[in-house]
Each structure stands twice: as C-alpha cells, then as structure tokens.
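Letter by letter, the chains look like this.
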Amino acid sequence: MAMIKEETAEPLITRSWFRFKALLGKLRSDVVELGSKVKELGQEDSRRVIHSFKVGLAIALVSQIYYFEPLYEGFGVAAMWAVLTVVVIFEFTVGATLGKGINRGIATFLAGALGVGAHRLAGFPGERFEPILLGLSVFLVAAVVTFLRFFPKMKARYDYGLMIFILTFSLICVSGYQDDEVLDMAHRRLSTILIGGTVAVLVCISICPVWAGGDLNTLLVSNLEKLADFLDEKANEYTGFGAQYFNIVGRGQPKDLQAYKSVLNSKNTEESLVNFAKWEPRHGQFRYRHPWEQYLKIGGLTRQCANIIDALNAYLSCSNDQTAHEIRAKIQEPCTKISSESSHALKELALAMKTMTRPSTANSPIVNAGVAAQDLKSLLKTGLWLPETDLLELIPTTTVASLLLDVVTCSEKIAESVNELASIANFKNTGRRLSKQETLRLSPPIQEHHYLSTTAE
C-alpha cells in the first residue's frame, strides 16, 4: 500500500515541478517583453522619460509641506491639495500645463469667494433656513455653470476651470456648514493650490520644456511630407504614385505609399495642440498672439488633399489592367509631371514651415503643376478614345486624371494658406528661391503623440 502511494506521489511531484518551471518561463518572457516595450516607448520619444522625471520632481517638491513641521502647522491637512494639484494639472506640454493651472487657480479663487459669500448670506435668516439656502445656491450655481460647459468656445478652453469651479463652490458650501472657520479653510485651500500650480508650471517650463506650438508646427510639416512622398517622382528613380500606376521602371525601389493615412486622423491632435498653444507665452519664433487658427486651416486642407490621395491609392490595384492601355500611355507624361511638381511644391511648403521662412513664388513648382494640369485637361477635351472604345472601360483612367487635377487645386490652396501664415506671422524672407535639393533635405517624420489630458480631480 505504501509503495502504491509513493508511485502515485512521484508523478504528482513531477507534474507540479514542470508546471512551476513553465510558470517561471512565462513570467520571464513577460518581464522581457515588458522591458522591450518600455525601451521602445522611450526610444520613440525621449521626452516621455524626461516628462516622467519632471512629474516625480514636482510631486516630491510639494510633498515637503508634509515633511516640514512649520509648513504643516500653517496648512494642516489642506496641504494635500498642493500634491493633488500637481498630479492633475501637470501635462506633457507647457501649454496644457499652463491652461490647466490658470483654469484651476482662477476657478478656485472665484468659487471660493462666491462660496464664502453664499455661506455668509445664507446665515442671515437664521440657522433654520441656512441649509435650504445653501442647497439652493449649490443647485443654481452647478446648473448654470454646467450649462456653460456646452458652449463650444467655453468647452475648448475653460471646461476644466468650470468643472473645478463647481467642485470648489460645492465643497466650500457643504463643508463650511459644519465648520465656522469657512474663510480660513478657503484661504488655506487656495494657498496650497496656488503653491502646487506654481511648482508644476515652473518645473514644466524650466526643465526641457515641450512646446505645443512647436509640436503643432512639426506635425503639419510631417503631414505635408507624407503627402509629398506619395506623389514623389525623383529624377530617374520613379518611386511614387505615377511610376507605380503607369508601371515605370526606375532606379529607385518602390516605396510604401501608405504613410499618408495617418494624416486622415490628425484633426483631433491638431485641435488639441492649437488649444494648448494659445496658453503658451512667447518662445522661439512663436510670438505672442501667433495665428494658431491658420494652422487649423492648413491642417484641414492637408486632410482634404490626403482624402484625394486616398482615392488615388485605390486605383493602384488597377495599374496592371491592360484596359485602355493606349489612352493611359497618352496621359502618362502630364500625369507624372503633375505628380512630380505637386510633390516638389508640398516639400517646399513643408520646408518653409519648418524653417519659418517665406515660401518662394518665382518659378514655383505650383505653376509648373498648373501648366501640366492644363495640358492634361486639353488632352481629355480633345477626345483620346476611338469611336469603338467602350466608355465604361475608360472610367478608371479618367478618374485618376481627374483626381490628379484635384491634387493640383488642393496644393494651390495649401500654398495660399502657407503664404498667408507667413505674412501674418512675419516669417523670415530668404530673398531667394529654395533649390530642389534643399526642399528634399527634410528631417525624418516625427513620432506622433496622443495629447490626452485628464480631468479627474
């Protein structure tokens, strides 16, 4: 009987050991995978690592209120509001941090003053009516301010401040009912919030600041580059849309033409960066009251062009179709010319925005693209097809030609908007036209970020 038990226990121990080894192996692989993801995340944008250290430093500084007895005696448990303020307002960019900090400071001050006033007024009729009046004031203020949050302009810039206003007013009215020192409580809370906000803003600005305005400018430059790369037809290399559609063999390797798709979903990021940039002080070449709204206009036109390019990309699958091959061959030259010159124009506009210089107007590739577009229109109007040709078979080719004409029109609108931005923002005048080699000397595309801001108290 004992031998049977030993034989039964031995396989059980063996199975348990193998399971334990498998668990250790899985745990080891999970740790390695986590480490590789952390490394990849930091390498994509080293500013994330710096931002993490900045947040830790700011929280460590304001937490000293708890550790030093004289400071703690002055503020008491209200010192926690300083730590909480740093946690909720410290964002990735200076503009986002400043916006939240100013919203929180002003909202706390106004709500605190109004709360103290409401508490004093509610006490005049007597203790019997005081809770009723306080409850009524909380209801009215919360309802009115909540309705204000539905206004688009208020929601875009002051939504966080309105939320903090409701929170602070309600806390002052509710907690002040059981605490006679309501004025002292409001003063301590406002003081600690101001300390926390000041520390967060100073650390954010003084240590490797990340400017939302600079990121917005770089994002638009990157988007223009992606559109230009889709259309690019470098001399004798033929790697862009025209070469792949018309099956032109060149020296260069066909490139991946899908990078433009990220431009289609950039609207929310651009709007967030514009809202953050409006809070930022003058820095670098970005002056006070910089025309940030013009960037939204350029971004909208860029997405419009990206939508046209997205439609063009759908016709790449038709490039091997031999239908109407002769017609396609006749429009090949103006189409590739449009593609090449539009790419050159977009790269020149991207470089002008990157260096914040006025784009050239003399012998602009936009003009060359327009001339090629007129040639293409003339070919289409003269009738390239034979009488016996089935018109339905020509639809893909004529649609591609029409979309390329739309690309030229959209590129002209983008150039007009960039010139308008250069005029309003007083971009530097280089005094000469940028060469084609200079427009090709662009930096690698930036790593895009999601600028999400928390609103939790």
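Quantities reported herein were computed from a predicted structural model and do not represent experimental measurements.

> Looking at this structure, I do not really get the pattern of salt bridges. What am I missing?
A side chain of one charge can pair with a side chain of the opposite charge if their charged atoms are brought near each other. Taken as a whole and judged by the stated rule, the model has nine salt bridges. For Glu91, the salt bridge goes to Lys100, with nearest N and O atoms at 3.1 Å. Here Glu91 falls in the buried class, since its relative accessible area comes to 9%. Given the relative accessible area of 6%, Lys100 is considered buried. With a closest N to O distance of 2.8 Å, Arg149 and Asp159 form a salt bridge. Of the two residues, Arg149 is situated in the loop between helix H7 (130-148) and helix H8 (152-178) and Asp159 in helix H8; the sequence distance between them amounts to ten residues. Overall, the relative accessible area of 23% leaves Arg149 in the partly exposed class. Residue Asp159 is classed as buried on the basis of its relative accessible area, which comes to 13%.

> How do you make sense of the UniProt feature "transmembrane region" (unreviewed entry) in the protein when you look at a structure like this?
According to UniProt, the "transmembrane region" (unreviewed entry) feature falls on residues 49-68, 74-94, 106-126, 132-151, 158-178 and 190-212. For residues 49-68, the helix share is 90%, the strand share is 0%, and the end-to-end C-alpha distance is 29 Å. Across residues 106-126 one finds 86% helix and 0% strand; the C-alpha atoms that close the span lie 31 Å apart.

> Sorry if this is basic, but what is going on with the environment of Gly115 here?
Counting through the fold element by element, Gly115 comes out in helix H6 (residues 94-123). In this structure Gly115 touches Phe169, Ile172 and Cys173, once residues within four positions along its chain are discounted.

> Looking at this structure, I do not really get the nonpolar core. What am I missing?
Generally speaking, soluble globular proteins have nonpolar side chains that are buried together. In terms of nonpolar packing, the biggest core is built from 57 residues, with Leu227, Tyr295, Ile338, Met353 and Ile414 touching the most fellow members. Of all the elements in the fold, those that place two or more residues in this core are helix H10 (212-231), helix H12 (267-277), helix H13 (292-314), helix H14 (325-355), helix H15 (365-382) and helix H16 (395-424). Per-element accounting of this core gives the leading share, 13 residues, to H16. In this structure, Tyr295 is in contact with Leu216, Asn217, Leu220, Phe286, His290, Met353, Met356, Leu421 and Phe427, ignoring residues within four places of it in sequence.

> How should I be thinking about helix H2 (residues 47-62) in this particular structure?
Because the α-helix completes a turn every 3.6 residues, residues three or four places apart line up on one side. Compared with an ideal rise of 1.5 Å per residue, which puts 16 residues at 22 Å, H2 spans 23 Å between its outermost C-alpha atoms and is within 8% of the ideal. The complete set of buried residues in H2 reads His51, Lys54, Ala58 and Val62. Projected down its long axis, H2 carries its buried residues within an arc of 60°, all on one side.

> What is the right way to look at the packing of aromatic side chains in this model?
Aromatic rings in a pair are described by how distant their centres are and how their planes are angled relative to each other. One pass over the structure, following the stated rule, counts six aromatic pairs. Judged by centre distance (5.5 Å) and plane angle (25°), the ring pair of Phe286 and Trp292 falls under stacked. A relative accessible area of 6% means that Trp292 is categorised as buried. Members of the aromatic cluster, joined through ring pairs, are Phe147, Phe150 and Phe151. Between the NZ or CZ atom of Lys100 and the centre of the ring of Tyr160, over which it lies, the distance is 5.0 Å. Taking NZ or CZ as reference, Arg157 lies 4.3 Å from the ring centre of Trp279, over its face.

> I tried to follow the packing of H15 against H16 on my own but got confused; where do I start?
Packed helices, taken two at a time, are described by the angle their axes make and the gap between the axes. As a packed pair, H15 and H16 sit with axes 10 Å apart at the nearest point and diverge in direction by 155°. When the axes of H15 and H16 are compared, the pair comes out roughly antiparallel. Crossing of H15 against H16: the hand is left-handed. Seen from H15, the contacting residues are Ile366, Ala369, Gly370, Ala373, Leu376, Lys377 and Leu380; seen from H16, they are Ala401, Leu405, Val408, Ser411, Glu412 and Ala415. Of the residues belonging to the contact of H15 with H16, the class tally is nine nonpolar, two polar and two charged.

> Honestly, unusual backbone geometry in this entry has me stumped. Any pointers?
Among all residues except glycine, the phi angle is most often negative; among peptide bonds, the trans geometry is most common. Notably, Cys208 is not glycine yet its phi reads approximately 45°, a positive angle. Along the chain, Cys208 falls in the loop between helix H9 (182-206) and H10. The backbone of Arg289 sits at a positive phi, close to 60°, despite the residue not being glycine. Inspection of the secondary structure puts Arg289 in the loop between H12 and H13.

> Would you mind going over a nonpolar patch on the surface with me for this structure?
Taken together, Trp17, Phe18, Phe20, Leu24, Leu27 and Val31 make up a surface patch of nonpolar side chains, about 630 Å² in accessible area. Mapped onto the secondary structure, Phe20 falls in helix H1 (residues 2-44). Overall, the relative accessible area of 42% leaves Phe20 in the partly exposed class.

Calculation rules
Residues numbered from 1 in each chain as written. Predicted model: local features only at pLDDT ≥ 70, side-chain atom pairs only at ≥ 80, totals over all residues. Heavy atoms only, no water. Salt bridge = Lys/Arg side-chain N within 4 Å of Asp/Glu carboxyl O. Buried < 20%, exposed > 50% of the residue type's maximum accessible area, 1.4 Å probe, protein only. Helix = DSSP H or I, 4+ residues; strand = E, 2+ residues; numbered from the N terminus. UniProt positions renumbered as here; feature names shortened; annotations may be inferred. Contact = heavy atoms within 4.5 Å. Core = buried A, V, L, I, M, F, W, Y, C linked by side-chain atoms within 4.5 Å. Expected span 1.5 Å × (residues − 1). Arc of directions from axis to C-beta. Phe/Tyr/Trp six-rings, centres within 6.5 Å; stacked < 30°, edge-to-face > 60°. Lys NZ or Arg CZ within 6 Å of the ring centre and 35° of its normal. Axes fitted to C-alpha atoms, helices over the stretch in contact; angles between N-to-C directions. Parallel < 35°, antiparallel > 145°, perpendicular 65-115°, else oblique. Left-handed = near helix turned anticlockwise from the far one by under 90°. Nonpolar A, V, L, I, M, F, W, Y, C, P; charged D, E, K, R; others polar. Patch = residues over 30% accessible without salt bridge, like charges linked within 9 Å, V, L, I, M, F, W, Y side chains within 5 Å. Areas by Shrake-Rupley, 256 points an atom, 1.4 Å probe, with all protein chains shown as cover.

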